Amino acid sequence: MNIGSVPYLNALPLIASLEEEPRLEVPAALVRLLKIDELDIALAPIACLFDHPEWKIIDGIGLGTKGAIRSVKLSFNKSSITIYNIKSIYTGIESVSSLLLLKVLLVKKYGRRLDEISMTGPIPGGDEEAQLVIGDKALKENSPYSIDLGLEWTSWTRLPFVFAGWISRSSTVDASIIRKLKNCRDRSLKNLETIIPITREFSTAFLKEYFTENLSYELGEAEKKGIVLFHRYAAELGLAAKGWEPHFIV
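All of the points below concern the structure found in this document. (Residues numbered from 1 in each chain as written. Predicted model: local features only at pLDDT ≥ 70, side-chain atom pairs only at ≥ 80, totals over all residues. Heavy atoms only, no water.)

### Things to note about the environment of Phe-50
Convention followed: For the purposes of this entry, the term helix denotes a DSSP run of H or I that reaches at least four residues, the term strand denotes a run of E that reaches at least two, and both are numbered from the N terminus. We call two residues in contact whenever any of their non-hydrogen atoms come within 4.5 Å of each other.
Summarising the element assignment, Phe-50 is placed in helix H3 (residues 48-51). In sequence terms Phe-50 and His-231 are 181 residues apart; their C-alpha atoms lie 7.1 Å from each other. Beyond its immediate chain neighbours, meaning those up to four positions away, Phe-50 contacts Leu-100, Ile-227, Phe-230, His-231, Ala-240 and Trp-244.

Take a look at the structure:
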């Protein structure tokens, strides 16, 4: 199996004890690698499923949040800029689900029009009023002028948000692979101290809290409802094809 994963700390409990060393790429790159069949399965953004209805997701395992996630933020450059008056955002090129979530929140929750907001990437223009920050960069970012997109979704919908899952182009995945992925998650969460890296940026206590309080590695009924609602909102905005239904590999 050629396995891919995001290179962020939030994925660590899902890959820490895998025998197969995953290829680490940002979310958008994982989608491209799945498309050209260089990966058999990847911890890829949920939003890519909306564009590829034939792709499947392994049931029971996700990477998301039931509240504030800390690692997906919209960071404003100054206090006078808010979600209600912002006109330009640097989005970069890494994100897929987070960028789509931002657009959904802007329109559906805050009543903004996307044609009134400039979104730039991959190269910043230099005068953007905010930036979308994901992964470890967002954990390091401590601006007082930022909003957590995980919290924005969950406080609004009362549903979890799933940013990524184990996604495959194939209609079937060997049962032994599914067991390995689930066992890796379960072992990691039961023995967090053994997988938490020693870093200058983050303390062990901070990361343990992050893995257990901010992140959710479940894909149950509530998470599935969140995915379906996310797609419905995106489709209503013309950002995803209508008629999509998730297909789970059990």
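### Notes on the sheet that holds strand S9 (residues 146-148)
Where we set the bar: Only strands joined by at least two bridges in the DSSP assignment are considered to pair. Lines fitted to C-alpha atoms define the axes, with helix axes restricted to the stretch in contact, and inter-axis angles between N-to-C directions lie between 0 and 180 degrees.
Pairing is mixed in the open sheet, where 5 strands are placed in the order S7-S6-S8-S5-S9. Of all the strands in the sheet, just strand S7 (118-120) and S9 have a single pairing partner and so form its edges. Each strand axis lies, on average, 20° off the axis of its neighbour in the sheet, ignoring direction. Taken together, the 3 bridges between strand S5 (residues 72-76) and S9 define a ladder with antiparallel strand orientation. Across the sheet, residue Ser-75 finds its bridge partner in S9, namely Ser-146. Helix-sheet contacts for helix H4 (residues 97-109) involve S5, strand S6 (88-90), S7 and strand S8 (130-134), and the interaxial angle to S8 is about 135°.

### Side note on the packing of aromatic side chains
Put simply, the rule is: Geometry of aromatic contacts follows a simple scheme: Phe, Tyr and Trp rings, the Trp one being its six-membered ring, pair when their centres are within 6.5 Å, and the pair is stacked under 30 degrees between planes, edge-to-face over 60, tilted otherwise. Three exposure classes are used, based on accessible area relative to the maximum for each residue type with a 1.4 Å probe and protein chains only: buried under 20%, partly exposed in between, and exposed over 50%.
Applying the stated criterion across every chain, the model contains 13 aromatic pairs. When the centroid spacing of 6.3 Å and the interplanar angle of 70° are considered together, the rings of Trp-153 and Tyr-233 count as edge-to-face. Of the two residues, Trp-153 is situated in helix H6 (residues 149-157) and Tyr-233 in helix H10 (residues 221-236); the sequence distance between them amounts to 80 residues. Looking at Tyr-233, the relative accessible area reads 13%, which means it is buried. Ring geometry for Phe-161 and Phe-163: centres 4.6 Å apart, planes at 65°, overall edge-to-face. The burial state of Phe-161 is the same as that of Phe-163; both residues are buried. Each member of the aromatic cluster is reached from another via a ring pair, and the members are Phe-50, Trp-153, Trp-156, Phe-161, Phe-163, Phe-230, Tyr-233 and Trp-244.

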